[in-house]
2 protein chains.
Amino acid sequence: MHNLERALVELPQDLVTRDQDILSSYLTDFRRQYTGRTPALLRPRNTTDVQTIVRVCAKHGVAIVPQGGNTSYCAAATPSVDGNELLVSLERMGRLRDLDPGNLSVTVDAGMILVDLQRAADEAGLLLPLALGSQQSCRIGGNLSTNAGGIDVLRYGMTRELVLGLEAVLPDGSLYSELAPLRKNNSGYDVKQLFIGAEGTLGIITGVSLKLMRKPHQLVTAFLAIRDIGSLASILSAAQIQTGEAITSFEYISRTSLNLLFNAKKNLRYPLQQESEHYVILEATTVSPVLNFEECMSALLGELYEAGLIVDATIAASQQQRAALWYLRENIPEAEVHHGGSIKHDIAIRTSRVSDFVESASRLVQDRWPGAILSVYGHVGDGNVHFNIVEPRGVDKADFRRRVEEDISPEIYRLVFEMGGTFSAEYGIGRVKLGLLLRYGAEGKLDVMRRIKSSIDPQGLFNPGKVIP
Amino acid sequence: MHNLERALVELPQDLVTRDQDILSSYLTDFRRQYTGRTPALLRPRNTTDVQTIVRVCAKHGVAIVPQGGNTSYCAAATPSVDGNELLVSLERMGRLRDLDPGNLSVTVDAGMILVDLQRAADEAGLLLPLALGSQQSCRIGGNLSTNAGGIDVLRYGMTRELVLGLEAVLPDGSLYSELAPLRKNNSGYDVKQLFIGAEGTLGIITGVSLKLMRKPHQLVTAFLAIRDIGSLASILSAAQIQTGEAITSFEYISRTSLNLLFNAKKNLRYPLQQESEHYVILEATTVSPVLNFEECMSALLGELYEAGLIVDATIAASQQQRAALWYLRENIPEAEVHHGGSIKHDIAIRTSRVSDFVESASRLVQDRWPGAILSVYGHVGDGNVHFNIVEPRGVDKADFRRRVEEDISPEIYRLVFEMGGTFSAEYGIGRVKLGLLLRYGAEGKLDVMRRIKSSIDPQGLFNPGKVIP
């Protein structure tokens, strides 16, 4: 009998699903570029179940692919086509373990869906400051495993900075558990950091303690048509100073990205009088009921007009208007898909070099492919630019992908590298960016990663073929 | 010839100091509890020198103790008494490598003294939000190695949260260098996290990139006499809401701690009319010139009086008054020394349990030693309490230490553990807290720490006997 079959027989059968009809929905990645195979899906109900599964697999040398909501942009949760890996879904583990309003913290099972966690915080009068496009289906363990970003990073940091405690099952089935929701804890190496952003290659995160925030009492959302992309840094700086660093989001949208959206959704209303090549959506929040926030924002817009940094602007006057403005940012990825899809470059550079990068990278693309459709947008307050090349209509899909991937993407990544940036700001590595990590990973980094991997997972059983080239 | 001598002969002689008169000042820890020995001090001028030193030592199997400003509270930078370890001081490595105001970042050699780094930021019109009692002598590499805390953690986080990039020499002499000052970077495991808080046991930090902040435009400092310790959480919450989460420091001072200070410094003026058993020093800052911050603070104090949470309060009206208020907090450790010294417990618990802990721990001590002098103060906004037992006058020093360490400290740490707290909030482990880590370390943590240590430092040459029991 094959090792894999031996392990499956030994496992508690109520955790095992072999029905390939059920399985199939777990086997294709979020962006539909990879489909894997597996003889069985395992669905633990609690941490002890995870330990049981991992121990049996370790004993028989069987590899495991952990999966949360299966929303990785880098196919980090998709098994290989060999069918030699078992899939472990955390979807049954969605329990709220503890919520302490006085400590501004929450502890949950890693399989909790992000919106459920947001709702639990909301019901306690608090805020979980992590919001993502995939929040209806992604799970918090996956958010930690990819160190998810999102639109609130400018104010609250990446997912890593929200984590107070963590519980994980190691590749030998042993448990690491340090869930105490403490603000300060220098009791030895900060082991939990290892599992954050490791995409399931070092352990299966089973529990997590997170910071919560007080709910904002005031919220102001503005949409700006800006003079040129070079003013981004000055606008952000002025906004931070006027509001007392209360900016939660500062998102750039290029005219091309906006046009794609208006083409895809015919009934959309353009919110301004004037047009521009560059737009910013900016949001500020405060818990204070006394600080005069409306006044701050009016003063800010006045200052920006006067300095010639913006050509037009609007402030949302209602929740509906706010939603309409955010719609313009949040639906760009879908508009790209509607147009035929895009090849994405999720890069980050110093915030002081964002406009230089966008200008140089755009020239580089136009030189190689005059008329290419460049959808550029992103969290520029963090230096994170989504620099996407959209598939033109009427070209051969495969030919487009090949041309961009062979001739253009490598040049974009080379430029990012030369400008001291990174080829993966928030998407991670998964199986998609292994080559880029080999080429552009920081000096000595891969060596340390390999040492850690082999010390924690000497058999190489956790999510093989991901993150570590 | 002894291995150690072989290594010393092979090293560039201009890096080696054997003069024991010079050496002696490096061999006793900050709190004067340990004195070690070494045949030589090595003083590299740059990262290449550090690599040279480490390679030669690795070749001959010679152990190394890295040292920054030698200000560890846990004797983490003091060599053993065996004299088998070479001391590597980073004191010659104080170069500013890069300061990018547009990116709010700075990159420096790890040997830069903290005040020099604060000054460099200040001269660029920016703020490095890390302030410590030892800032005149501690060095930034040491601050990273211990993940230093301080009085601004509430607003800006521990040192870890300020780190954008890091460069370190590994125990085999190879270099890990990921200094790019990026806000977002998910390009593989976040390797730099490993070295932060590792107290020199995994690598010698040689360079660091840090976040800078905009300088505050307004700053308000208040000193409050509070009704009872149970009101701490309500007061902090009210202050955060009124100021829009602009509180940078929220420090608790017990009356006993204040009395020690007034006994030590006879000319000090008490800043309030009313007295209390419990005090808070609170500071709020904002970069905004328009938000009416004075008004916020007055409204806050009015609210706190009305709710009966405070009995008296004062707001500093000048820089001198501010300094006088901070003097009351910053000189408590010195006042403890003046009284005869203290045995410190640097613990942290959930912020929601701070007052419960202080009350239970105080009872516990009074039961075992009626009349014991308890100096309690700390960064309670982060749940970090310095719970110190001060040496009474007229007792035998050795007897006092023995009695507290054998009969009382273990009970305090047991209480902290039972309440879900930590035995080391910001001081680290060094050689002082190895036993506590063995006893109270999180489940499975020590196992992971040992695996990491042996994968990065298989010969065990970096800072042996520290952090890893």
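Cut-offs used in this document
Residues numbered from 1 in each chain as written. Chains lettered and ligands numbered in written order. Predicted model: local features only at pLDDT ≥ 70, side-chain atom pairs only at ≥ 80, totals over all residues. Heavy atoms only, no water. UniProt positions renumbered as here; feature names shortened; annotations may be inferred. Pairing = 2+ DSSP bridges. Helix = DSSP H or I, 4+ residues; strand = E, 2+ residues; numbered from the N terminus. Axes fitted to C-alpha atoms, helices over the stretch in contact; angles between N-to-C directions. Least-squares fit on C-alpha atoms with pLDDT ≥ 70 in both. Contact = heavy atoms within 4.5 Å. 1 Å grid on protein atoms, 1.4 Å probe; cavity = no way out; pocket = protein on both sides within 12 Å on 5 of 7 lines; lining within 4 Å. Points joined across faces, edges and corners; volume = space filled by probe spheres on them. Buried < 20%, exposed > 50% of the residue type's maximum accessible area, 1.4 Å probe, protein only. Buried area = accessible area lost by both parts, 1.4 Å probe. Salt bridge = Lys/Arg side-chain N within 4 Å of Asp/Glu carboxyl O. Expected span 1.5 Å × (residues − 1).

The name an unreviewed UniProt entry assigns to chain A is Dehydrogenase, from the organism Agrobacterium arsenijevicii. The record in UniProt for chain A states the following under Sequence similarities (unreviewed entry): "Belongs to the FAD-binding oxidoreductase/transferase type 4 family."

Draft legend 1. A look at the sheet that holds strand β9 (residues 175-178) of chain A. All names here are of chain A. Taken together, 5 strands build an open sheet; the order of strands is β5-β6-β10-β8-β9 and the sheet is antiparallel. Of all strands in the sheet, those with a lone pairing partner are β5 (96-100) and β9, marking the two edges. Pairs of neighbouring strands in the sheet enclose a mean axial angle of 10°, with direction left out of account. Judged from the 4 bridges that link them, strand β8 (residues 163-169) and β9 form a sheet pairing that is antiparallel.

Draft legend 2. Quick look at the relation of the copies chain A and chain B. Of the two same-sequence chains, chain A is brought onto chain B (RMSD 0.0 Å, axial shift 0.0 Å) by a rotation of 180°. On the angle and the small slide along the axis, the relation comes out as a two-fold axis. With an isologous cut-off of 70% or more, the 100% of interface residues of chain A that recur at the interface of chain B puts this contact in the isologous class.

Draft legend 3. Local environment of the sheet that holds strand β4 (residues 85-89) of chain B. Residues and elements named next belong to chain B. With respect to topology, 4 strands assemble into an open sheet ordered β1-β2-β4-β3, the strand pairing being mixed. Each end of this open sheet is capped by a strand with a single partner; those strands are β1 (16-17) and β3 (63-67). With 2 bridges connecting them, strand β2 (residues 41-42) and β4 associate as parallel partners. Bridge pairing links Leu-41 to Leu-87 in β4.

Draft legend 4. Broad picture of empty space enclosed by the protein. All chains considered together, the criterion is met by 6 cavities of 30 Å³ or more. Taken as a whole, the largest cavity encloses approximately 130 Å³ of empty space. What lines the largest cavity is a set of 16 residues, among which Gln-193 and Leu-194 of chain A together with Asp-190, Gln-193 and Leu-194 of chain B lie closest to the centre. Only α7 (192-195) of chain A together with α7 (192-195) of chain B provide two or more residues apiece to the lining of the largest cavity.

Draft legend 5. View of unusual backbone geometry. All names here are of chain A. For Asn-147, which is not glycine, the phi dihedral falls at a positive 45°. With respect to the helices and strands, the residue Asn-147 is situated in the loop between α5 (140-145) and α6 (153-156). Residue Asn-147 is classed as buried on the basis of its relative accessible area of 4%. Within the chain, Glu-245 stands out as a residue other than glycine whose phi angle is a positive 55°. Locating Glu-245 in the fold gives a position in the loop between α8 (232-243) and β13 (247-254).

Draft legend 6. Here's a closer look at the interface of chain A and chain B. At the interface, 85 residues of chain A touch 85 residues of chain B. Summed over both sides, the interface of chain A with chain B buries roughly 7000 Å², with 55% coming from carbon and sulfur. Taken as a group, Lys-184, Asn-186 and Tyr-189 of chain A account for 15% of the area that chain A buries against chain B, more than any other trio of residues on that side. Remark: the boundary between chain A and chain B carries 20 salt bridges. In this structure, Asp-172 of chain A engages Arg-451 of chain B in a salt bridge whose closest nitrogen and oxygen atoms are separated by 2.8 Å. Contributions of two or more residues to the side of chain A that touches chain B are made by β5, α6, β9, α7, α8 and α16 (445-456) of chain A. It is α16 of chain A that contributes the most residues to the side of chain A that touches chain B, 9 residues altogether.

Draft legend 7. Layout of helix α8 (residues 232-243) of chain B. Residues and elements named next belong to chain B. Relative to the 16 Å expected for 12 residues at 1.5 Å per residue, α8 spans 17 Å between its end C-alpha atoms, a close match to the ideal helical length. Within the span of α8, buried status applies to Leu-232, Ile-235, Leu-236, Ala-238, Ala-239, Gln-240, Gln-242 and Thr-243. With its phi angle positive at about 70°, Gly-244 sits one or two positions after the end of α8.

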